[in-house]
Amino acid sequence: MPLRTALLQSSGRPGSVAENLKVLDEAAGRAAAAGAGLLVCPEMFLTGYAIGDDVPRLAEPADGASAASVAEIAVRHGLAVLYGYPERNGELIHNSSQLISANGDRLANYRKTHLFGCFEQEWFTPGDQSVVQAELDGIRIGLLICYDVEFPENVRAHALAGTDLLLVPTAQMHPFQFVATSVVPVRAFESQMYIAYVNRTGPEGEFEFVGLSCLASPDGTVRTRAGHGEELVFGEVDPVLLSASRETNPYLRDRRPGLYGSLA
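The shown structure was predicted, so the numbers you read here are calculated from the model rather than taken from an experiment. (Residues numbered from 1 in each chain as written. Predicted model: local features only at pLDDT ≥ 70, side-chain atom pairs only at ≥ 80, totals over all residues. Heavy atoms only, no water.)

Enquirer: Any chance you could explain the overall build of the protein chain here in plain terms?
Expert: Each helix and strand counted, the protein chain has 7 helices and 14 strands in total. For 264 residues, the compact-globule estimate of 2.2 N^0.38 gives 18 Å, and the protein chain sits close to it at 17 Å. Overall, the protein chain is about 50 × 45 × 35 Å in size when its C-alpha atoms are taken along their principal axes. Looking at the 264 residues of the protein chain, the share that counts as buried comes to 52%. Within the protein chain, residue pairs in contact and separated by at least 24 positions form 69% of the contacts whose partners lie at least 6 positions apart. (Helix = DSSP H or I, 4+ residues; strand = E, 2+ residues; numbered from the N terminus. Rg over C-alpha atoms; globule rule 2.2 N^0.38 Å. Buried < 20%, exposed > 50% of the residue type's maximum accessible area, 1.4 Å probe, protein only. Contact = heavy atoms within 4.5 Å.)

Enquirer: So what exactly am I meant to see when it comes to the environment of E122 here?
Expert: Of note, E122 is situated in helix 4 (residues 117-123). Taking the C-alpha atoms as reference points, E122 and G52, 70 residues apart in sequence, are found 9.5 Å from one another.

Enquirer: Is there a simple way to think about the packing of aromatic side chains in this case?
Expert: To describe a pair of aromatic rings, one takes the distance between the centres and the angle between the planes. Per the stated rule, a full pass over the model turns up 11 aromatic pairs. Ring centres of F116 and Y147 lie 5.1 Å apart, and the angle between their planes is 70 degrees; on these two criteria the pair is classed as edge-to-face. Of the two residues, F116 is situated in the loop between strand 5 (106-111) and helix 4 and Y147 in the loop between strand 7 (139-143) and helix 5 (152-160); the sequence distance between them amounts to 31 residues. Overall, F116 belongs to the partly exposed group, its relative accessible area being 31%. According to the relative accessible area criterion, Y147 is partly exposed, its value standing at 23%. (Phe/Tyr/Trp six-rings, centres within 6.5 Å; stacked < 30°, edge-to-face > 60°.)

Enquirer: I tried to follow the pairing of strand 8 (residues 165-169) on my own but got confused; where do I start?
Expert: In summary, the side chains of a regular strand alternate between the two faces of the sheet. Most of strand 8 sits inside the fold, with 5 of its 5 residues counted as buried. Residues of strand 8 alternate between two faces, with L165, L167 and P169 on one and L166 and V168 on the opposite face, all of them buried. Taken together, the 3 bridges between strand 7 and strand 8 define a ladder with parallel strand orientation. Looking at strand 8, one finds that G142 is bridged to L166. Relative to strand 9 (residues 194-198), strand 8 runs parallel, the two being bridged by 5 bridges. Across the sheet, L167 pairs through a bridge with A196, a residue of strand 9. Chirality of the crossover, the property in question, places the unit of strand 8, helix 6 (residues 178-191) and strand 9 among those that are right-handed. (Pairing = 2+ DSSP bridges. Right-handed = clockwise from strand over helix to strand, strands pointing away.)

Enquirer: Explanation requested: the confidence of the model for the protein chain in the structure shown.
Expert: Note: predicted coordinates in regions of low pLDDT should not be interpreted at a detailed level. Mean pLDDT over the protein chain stands at 97; residues scoring 70 or higher make up 100%. The lowest-confidence element of the protein chain is helix 4, averaging 95 in pLDDT; the highest-confidence one is strand 2 (residues 38-40), averaging 99. (pLDDT = per-residue confidence, 0-100.)

Enquirer: In this structure, what is going on with the nonpolar core? I would like to understand it.
Expert: Where a protein is soluble and globular, its nonpolar side chains tend to be buried together. Counting 45 residues, the largest nonpolar core has L38, L165 and L167 as the members making the most contacts within it. Non-local contacts of L165, meaning those with residues more than four positions away in its chain, are made with L3, T5, L38, I139, R140, I141, G142, Y194, I195, A196, L215 and V237. Of all hydrophobic cores here, the second largest spans 40 residues; its members include A6, V23, F207 and L232. (Core = buried A, V, L, I, M, F, W, Y, C linked by side-chain atoms within 4.5 Å.)

Enquirer: Would you explain the packing of helix 1 (residues 17-33) against helix 3 (residues 65-77) in this entry?
Expert: A pair of packed helices is characterised by two quantities: the angle between their axes and the separation of those axes. The geometry of helix 1 relative to helix 3 is characterised by a closest axis approach of 9 Å and an angle of 20 degrees between their N-to-C directions. Taken together, the axes of helix 1 and helix 3 lie roughly parallel to each other. Crossing angle aside, the handedness with which helix 1 passes helix 3 is right-handed. Of the residues in helix 3, those in contact with V17, L21, L24, D25, A28, G29 and A32 of helix 1 are S66, S69, V70, I73, R76 and H77. Of the residues that constitute the contact of helix 1 with helix 3, the class distribution is 7 nonpolar, 4 polar and 2 charged. (Axes fitted to C-alpha atoms, helices over the stretch in contact; angles between N-to-C directions. Parallel < 35°, antiparallel > 145°, perpendicular 65-115°, else oblique. Left-handed = near helix turned anticlockwise from the far one by under 90°. Nonpolar A, V, L, I, M, F, W, Y, C, P; charged D, E, K, R; others polar.)

Enquirer: Would you mind showing me how to read the sheet that holds strand 12 (residues 214-216) here?
Expert: For sheets, the rule is that strands pair by backbone hydrogen bonds, running either parallel or antiparallel. Read from one edge of the open sheet, 6 strands run 6-7-8-9-12-13, paired in mixed fashion. The open sheet has two free edges, formed respectively by strand 6 (133-136) and strand 13 (222-225), since each of these has just one partner strand. This sheet shows a mean twist of 20 degrees between the axes of neighbouring strands, independent of strand direction. By the bridge criterion, 3 bridges tie strand 9 to strand 12 in an arrangement that is antiparallel.

Here you go:
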């Protein structure tokens, strides 16, 4: 069965975890009413992205109080939730995303491996695990965050590990909107998977987030696309289409790994 997927394009309420949980709860209710089995939120949705010195104060462990709150929302509305947040890991802080099932189970936690710009490099420690996956309704889910998807090696690693749907919460800003409109659909086509790319929107601190969230398909098309404002959009992840596309597209079969040693 296709997995109806909701993309929450929103910057929430930067600096307020409580308010962002309310936004998430409301979006989860709308998504569930529309038949979605998965809701994907943007990068750092739990706290806001441009929070500067508040990063250490707002960071939480993967099994912290906010994770429990998101799990309660997921159970109450009967759908899985992927959200971005600053993760406290002992003395370290990571830019992370976590997938929670409709049963409230923590399925996967990913730490961003490629940090973008001075802000992220100042406050976060990069993760060291490139492929993080979970199973959801028979679909193999993979996780990356924003800048990570701009490295083709990351997406290809997921393809080789069997990822069917790659979830990419993002904080993609002006003037890089071509990543949303051009790069992401190409990544989906060349690595034969669905990619849910879910962005923040509007001004926040020194940044201007451009929206344009999308669900890109392995056949190179975009199944749903948001505009520039706050929006909840839906798309279908269809295992039948994915299987047919992989059968006809030769990219993964025609690879010659012996020639690629220099890439490492």
